[in-house]
Every structure is written in C-alpha cells, then in structure tokens.
Amino acid sequence: MDQPNLFEYATSELSQDAFICYLIEHAMKPFDNELYRLGRELIVIMYNQSPCTGNIAIQDVDKIKKPKKQFHKIDVYFEANIRDKKYGFIIEDKTYSEEHSNQLVKYRKSLESEKHPPDNILGVYFKTGYIYDDELRRVQGAEYGILEAKKFYDILKACQSHDKIMNQYRKFLFEKYVKPQSEYELSISNNNFKAFELLPVKYEFIKKLRDECPDYIKETHIEYSNNKSGTSWCQFYFATFER
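What counts as what
- Residues numbered from 1 in each chain as written.
- Predicted model: local features only at pLDDT ≥ 70, side-chain atom pairs only at ≥ 80, totals over all residues.
- Heavy atoms only, no water.
- Helix = DSSP H or I, 4+ residues; strand = E, 2+ residues; numbered from the N terminus.
- Buried < 20%, exposed > 50% of the residue type's maximum accessible area, 1.4 Å probe, protein only.
- Contact = heavy atoms within 4.5 Å.
- Areas by Shrake-Rupley, 256 points an atom, 1.4 Å probe, with all protein chains shown as cover.
- Lys, Arg positive; Asp, Glu negative; His and termini not counted.
- Charge placed at Lys NZ, Arg CZ, Asp CG, Glu CD.
- Phe/Tyr/Trp six-rings, centres within 6.5 Å; stacked < 30°, edge-to-face > 60°.
- 1 Å grid on protein atoms, 1.4 Å probe; cavity = no way out; pocket = protein on both sides within 12 Å on 5 of 7 lines; lining within 4 Å.
- Points joined across faces, edges and corners; volume = space filled by probe spheres on them.
- Nonpolar A, V, L, I, M, F, W, Y, C, P; charged D, E, K, R; others polar.
- Arc of directions from axis to C-beta.
- Pairing = 2+ DSSP bridges.
- Expected span 1.5 Å × (residues − 1).
- Polar contact = N/O pair within 3.5 Å; in protein donor to acceptor, adjacent residues only side chain to side chain.

**Q** Just to check I follow, could you spell out the overall build of the protein for this structure?
**A** Scanning the protein for helices and strands turns up 7 helices and 8 strands. Here the C-alpha coordinates of the protein stretch approximately 65 × 50 × 35 Å along the principal axes. Scored against the burial criterion, the 243 residues of the protein give a buried share of 46%. Across the protein, contacts joining residues at least 24 apart in sequence account for 54% of those joining residues at least 6 apart. In the structure as shown, the protein presents an accessible area of about 13,800 Å², 50% of it carried by carbon and sulfur atoms. Looking at charge distribution, the protein has the averaged site of its 36 positive side-chain charges lying 3 Å from that of its 38 negative ones.

Here you go:
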C-alpha cells in the first residue's frame, strides 16, 4: 500500500493555488536550498513563457514579495524584480475549467487601474488539465504565457528536495494529469474504445480526423461540451464535402 498522499484529497484549484504560493514563498529565502532554487526556477519559467519578454536566468530574479491569493480576484499574485525592474505576476490557475468571461483581460486591467505600468504586468495561464485549441487561442490573445502540466512536472522532477509536500504534489501531478494526457493519442492508435468516454480523447480523434482528411474537412473549429447527464460530445463546427 502506498503512503497516503494529501493531494489525492486536496484536488481543487485552491489546493493548487496553495502549492504555487508555497513554492514562490520558498523562493524568497533559502529555508530549503533545493526548494529555494525550485521556486526561483519557476519564476524564471513563468517570465520566459510570457509572449512579451525575452529570456532570463535565476540570477536575474530578486526582491520577491510574498504571494497573495485573490488579490483583485486573481488566483495568485506576486511581485519580483527582474534585472532591477519590478514586475507583477498574474497567475490564473486551472485544473479542468477554462478561461471565461474575458477574465484574463480584466485581471490585467484591474492592476493597470492601480497604476501598474502595463509593460510590467505578466500573465501566466497555469493549467494542469487538458488545454483545447480555442482555449489556447483565447489565452494567447490575452498575451498570457502558458504553463502546462508536463512542463511543470519536468521542473519538479529535477528537484532533489526531501520536502514531503513537494514530493507528494509531484507524484499527484504525474498520476492525475501528466500520465493520462500522454496516453490520449496513444489510446486512439491502440483502438482503446473505452478511452473515448473521455472528452480529450474525442477531441484528439477529431483533430486527427481533420489532419488526415484535409481535402474534405476545411474548417478547423471544433465544438465540445458535456451533456446534462455528464457524458461528453465533440464535433466539427462545420465540414465541407464535395458532391
């Protein structure tokens, strides 16, 4: 029997918010040298993922302030100096839900109203669940960088800390998100029809069908959702066939 894992019970986005804050606060002071480095690596990755910036290294990060939850309704917000310039980081954290109600743009504007220079505000869309194409376009349109489960797991995997919270979350992240996502396309190749109960597998199949039939399927927009019963559906918004 495996040792109990806190995150098998604490599965909400709020728990994930807390873990992000935990790492960022460790980046402020070397309570644990490995977590100190990990927290700073996370900040570097979030900065480098932004479409509005270049690349930095750990030594460029300084004066990190304690993260805040629900500041202007932002999931996680913190400030840090990058090459002696102060930046505000907006982290919109998702597990399975998606961006909605133009919230990413609203968060940025709420900070600008507090006299934060627009160029000094960096948005990060942190999602561990599957990211759909139209969701991706909305996030990119709001000029947010994207940090997905696999990328985050790779950062955590390199950490040698014995910290129980970090190690439990890393294991949970792999089992809950990284491993299943890596198997979605494989399920189609292996004719695993049971896997088609999952919406991401349906979505991957539709994308594969589109890519393999370019002469007949002209549109790239795909609609998807869940029925009231809980079952999912996925279809092309429109397809053109020659008569």
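**Q** Honestly, the packing of aromatic side chains in this entry has me stumped. Any pointers?
**A** The geometry of an aromatic ring pair is captured by two quantities: the separation of the ring centres and the angle between the planes. One pass over the full model with this rule turns up 20 aromatic pairs. With centroids separated by 6.3 Å and ring planes inclined at 50°, the aromatic side chains of Tyr169 and Phe172 adopt a geometry described as tilted. On the criterion of helical spacing, the pair formed by Tyr169 and Phe172 is a turn pair, its members being 3 residues apart in helix α6 (residues 164–189). A relative accessible area of 1% means that Tyr169 is categorised as buried. For Phe172, a relative accessible area of 9% puts it in the buried group.

**Q** I'm lost on the layout of surface pockets in this one. Help?
**A** Empty space among the atoms can be located by rolling a probe the size of a water molecule over them. In this structure, the largest pocket encloses a volume near 310 Å³. Lining the largest pocket we find 17 residues, and of these Tyr96, Tyr130, Tyr132, Leu199 and Pro200 sit closest to its centre. Mapped onto the lining of the largest pocket, the elements with two or more residues apiece are α6, α7 (199–212) and β7 (222–226). Broken down by element, the residue count for the lining of the largest pocket peaks at 5 residues, all from α6. Split by residue class, the lining of the largest pocket holds 10 nonpolar, 4 polar and 3 charged.

**Q** How should helix α3 (residues 103–112) be read in this particular structure?
**A** Each turn of an α-helix holds 3.6 residues, which means side chains three or four residues apart point in the same direction. For α3, the complete set of buried residues consists of Gln103, Leu104, Tyr107, Arg108, Ser110 and Leu111. Buried residues of α3, seen end-on, are gathered within an arc of 160° and therefore sit on one face of the element. Contacts made by the buried residues of α3 are with β2 (68–71), β3 (74–82), β4 (85–94), β5 (121–127), α4 (133–141) and β6 (144–148).

**Q** Help me out: how do you make sense of empty space enclosed by the protein in this one?
**A** Overall, the coordinates contain 1 cavity of 30 Å³ or more when judged by the stated rule. Here the largest cavity defines a volume of roughly 40 Å³. Around the largest cavity, the lining residues are Phe7, Ala10, Thr11, Ser12, Ser15, Gln16, Thr95, Tyr169, Phe172 and Tyr177. If you list the elements that add at least two residues to the lining of the largest cavity, you get α1 (13–26) and α6. With 3 residues, α6 is the single largest residue contributor to the lining of the largest cavity. Residue classes in the lining of the largest cavity are distributed as 5 nonpolar, 5 polar and no charged.

**Q** What is the right way to read the side chain of Ser50 from this model?
**A** Looking at where Ser50 falls in the secondary structure, it is placed in the loop between α2 (33–49) and β1 (61–62). Setting aside residues up to four positions removed in sequence, Ser50 forms contacts with Leu122 and Gly145.

**Q** Would you mind going over the pairing of β7 with me for this structure?
**A** Sheet faces and side chains relate simply in a regular strand, where the side chains alternate between the two faces. When β7 meets strand β8 (residues 232–236), the two strands line up antiparallel, connected through 5 bridges. The residue of β8 that forms the bridge with Asn226 is Ser232.

**Q** Is there a simple way to explain unusual backbone geometry in this structure?
**A** Look at Lys63: it is not a glycine, yet its phi comes out positive at around 50°. Structurally, the position occupied by Lys63 is in the loop between β1 and β2. One non-glycine residue with positive phi stands out, namely Ser101, at about 55°. Turning to its location among the elements, Ser101 is positioned in the loop between β4 and α3.

**Q** For this particular structure, what's the right way to read the pairing of β8?
**A** Residues Ser232, Cys234 and Phe236 point to one face of β8 and are all buried, whereas Trp233 and Gln235, pointing to the other face, are not buried. Linkage of β7 to β8, two consecutive antiparallel strands, is achieved through a turn of 5 residues, within which Gly230 is found at a positive phi near 105°.

**Q** Help me understand α2 in this model?
**A** Compared with an ideal rise of 1.5 Å per residue, which puts 17 residues at 24 Å, α2 spans 24 Å between its outermost C-alpha atoms and is within 8% of the ideal. For α2, the full list of buried residues reads Leu35, Leu38, Gly39, Arg40, Leu42, Ile43, Val44, Ile45, Met46 and Tyr47. Structurally, the start of α2 carries an N-cap: the backbone nitrogen of Glu34 is 2.9 Å from a side-chain oxygen of Asp32.

**Q** Can you help me understand the environment of Glu13 in this one?
**A** Turning to its location among the elements, Glu13 is positioned in helix α1. A C-alpha to C-alpha distance of 26 Å links Glu13 and Glu112, two positions 99 residues apart in sequence. Among residues more than four places away in sequence, those in contact with Glu13 are Asp93, Lys94, Thr95, Tyr96 and Ser97. Polar side-chain contacts of Glu13 include one of 3.1 Å to the backbone nitrogen of Thr95.

Bear in mind that shape data such as this cannot, by itself, settle questions of function.
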